[in-house]
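Breakdown of the fold
Residues per chain are reported as follows:
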Amino acid sequence: MVTVFCNGKQFTNIDAVFLDKDGTLANVAAYLQQLGYNQAKLMEQSLPGAYGLTLKALGIDSTGLSASGLLAVGSRQETIIGTAAAAAMAGYPWVKALELAIHSLTVADQQCSPKAAYTPLLPGVLDFLQRLRHVGLSVIMVSADTQSNLEDFVNRYQLQTYFDKLQGTSSPHPTKGAPDFLPAACQSIGLSPGQGMVIGDSTSDLRMAQSTGGFIGYLGGWQPTLSETDILDDECSGIICGFATNFSQITMH
């Protein structure tokens with residue numbers, strides 16, 4: 001068992017780290033913003049008036065992409081529902097709105113493919129993964145992204161040796177908020193959520209940490225840098241939380 005330290009916070013008896021991908025390991029801001037603009041343009045082509053509503057639903061405004069918005073933290077299914085709602089507000093019947101949202105996101109994905117090529121490692125990630133391995137921690141990637149995108153990301157940046165499990169969203173586990181998402185990530189490697197801790201950049205990561213030994217909010221994956229209040233949630237007041245703007249602030253013994 002390992003003790004993890006982060007800016008004055010201590011997490012004891014840790015056997016595993018559950019690591020978010022986008023915004024924690026991968027630099028995704030530019031990719032996601034382009035994806036959102038592409039989808040909004042496609043929505044507008046089929047439904048005039050949907051462009052601005054789609055951007056608003058996705059969490060994109062004149063200042064850029066919100067790190068806490070739908071496109072930044074939501075799963076694919078949640079993104080579809082959000083953009084379908086925008087189409088419905090623009091006048092489409094719900095069934096047609098869903099069809100348009102699915103089609104526009106699919107085409108936008110193709111226009112920005114492969115995702116892994118446009119989402120490089122954030123500074124300090126590789127060294128951090130090496131340090132996690134050095135102290136013997138199990139490392140599980142937990143992400144609202146699809147399983148295939150997790151695999152592509154790991155393969156492109158040659159990270160296979162650093163992860164014991166990749167847990168993305170799928171039909172059985174459609175969101176990180178699903179009750180069995182984290183237990184499913186643990187099951188195949190013989191751990192329980194309580195033996196690990198979560199490191200991520202969003203409220204959904206913090207909520208996922210409720211059944212674990214603690215949470216570290218990673219603030220350095222976005223520009224401008226996130227603040228603690230971007231992540232903190234009243235429902236998670238009982239969780240031990242630390243915050244870091246770079247991975248050198250997280251140490252293990």
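Residues numbered from 1 in each chain as written. Predicted model: local features only at pLDDT ≥ 70, side-chain atom pairs only at ≥ 80, totals over all residues. Heavy atoms only, no water.

Let's talk about the layout of surface pockets
This is how the line gets drawn: Using a 1 Å grid laid over the protein atoms alone, points where a 1.4 Å probe fits but cannot get out form a cavity; open sets with protein on both sides within 12 Å along at least 5 of 7 lines form a pocket; any residue with an atom within 4 Å of a point counts as lining. Grid points are joined across faces, edges and corners, and a volume is the space filled by probe spheres set on the points. Runs of H or I in DSSP of at least four residues are treated as helices and runs of E of at least two as strands, each being numbered from the N terminus. In this classification, the charged set is Asp, Glu, Lys and Arg, the nonpolar set is Ala, Val, Leu, Ile, Met, Phe, Trp, Tyr, Cys and Pro, and all remaining amino acids, among them Gly, are polar.
Computed from the structure, the largest pocket encloses a volume of approximately 450 Å³. Looking at the largest pocket, it is lined by 28 residues, and the ones nearest its centre are D22, L32, K115, D145 and N149. In terms of residue count, strand 6 (residues 138-146) provides more of the lining of the largest pocket than any other element does, four residues in total. By residue class, the composition of the lining of the largest pocket is 11 nonpolar, eight polar and nine charged. Of the pockets and cavities examined, the second largest pocket occupies roughly 270 Å³. Taken together, 15 residues line the second largest pocket, and the ones lying closest to its centre are L65, S66, A67, Q223 and P224.

With respect to the packing of aromatic side chains
For any pair of aromatic rings, the description rests on two quantities: the centre-to-centre distance and the angle between the ring planes. Heads up, the condition is: We call Phe, Tyr and Trp rings a pair once their centres come within 6.5 Å, taking the six-membered ring for Trp, and we label the pair stacked below 30 degrees between planes, edge-to-face above 60, and tilted otherwise. Buried, partly exposed and exposed residues are distinguished by accessible area as a fraction of the type maximum, computed with a 1.4 Å probe on protein chains only: under 20%, between the cut-offs, and over 50%, respectively. Here, a charge over a ring means that NZ of Lys or CZ of Arg falls within 6 Å of the ring centre while also lying within 35 degrees of the ring normal.
For the structure on display, the rule yields three aromatic pairs. Judged by centre distance (4.7 Å) and plane angle (25°), the rings of F128 and F247 are stacked. Separated by 119 residues along the polypeptide, F128 in helix 6 (residues 125-134) and F247 in the loop between strand 10 (241-244) and strand 11 (250-252) bring together distant segments of the chain. Like F128, the residue F247 is buried in the burial classification. Plain terms: the ring middles of Y218 and F247 are 4.2 Å apart, the flat faces sit at 10° to each other, and that makes the pair stacked. Of this pair, Y218 sits in strand 9 (residues 215-218) while F247 sits in the loop between strand 10 and strand 11; the two residues are 29 residues apart in sequence, bridging distant segments of the chain. Among the aromatic side chains, those forming a connected cluster through ring pairs are F128, Y218 and F247. Just above the ring of F153 sits the side chain of K21; from NZ or CZ to the centre is 5.3 Å.

A short note on the pattern of salt bridges
Heads up, the rule is: For this analysis, a salt bridge means a side-chain nitrogen from Lys or Arg found within 4 Å of a carboxyl oxygen belonging to Asp or Glu.
What the rule picks out here adds up to 10 salt bridges. Two residues, D145 and K21, come together in a salt bridge whose shortest N-O distance is 3.0 Å. Linking D145 in strand 6 with K21 in the loop between strand 3 (16-19) and helix 1 (29-46), this pair joins segments that are 124 residues apart in sequence. A relative accessible area of 1% means that K21 is categorised as buried. Through salt bridges with shared partners, a single ionic network connects K21, D22, K115 and D145.

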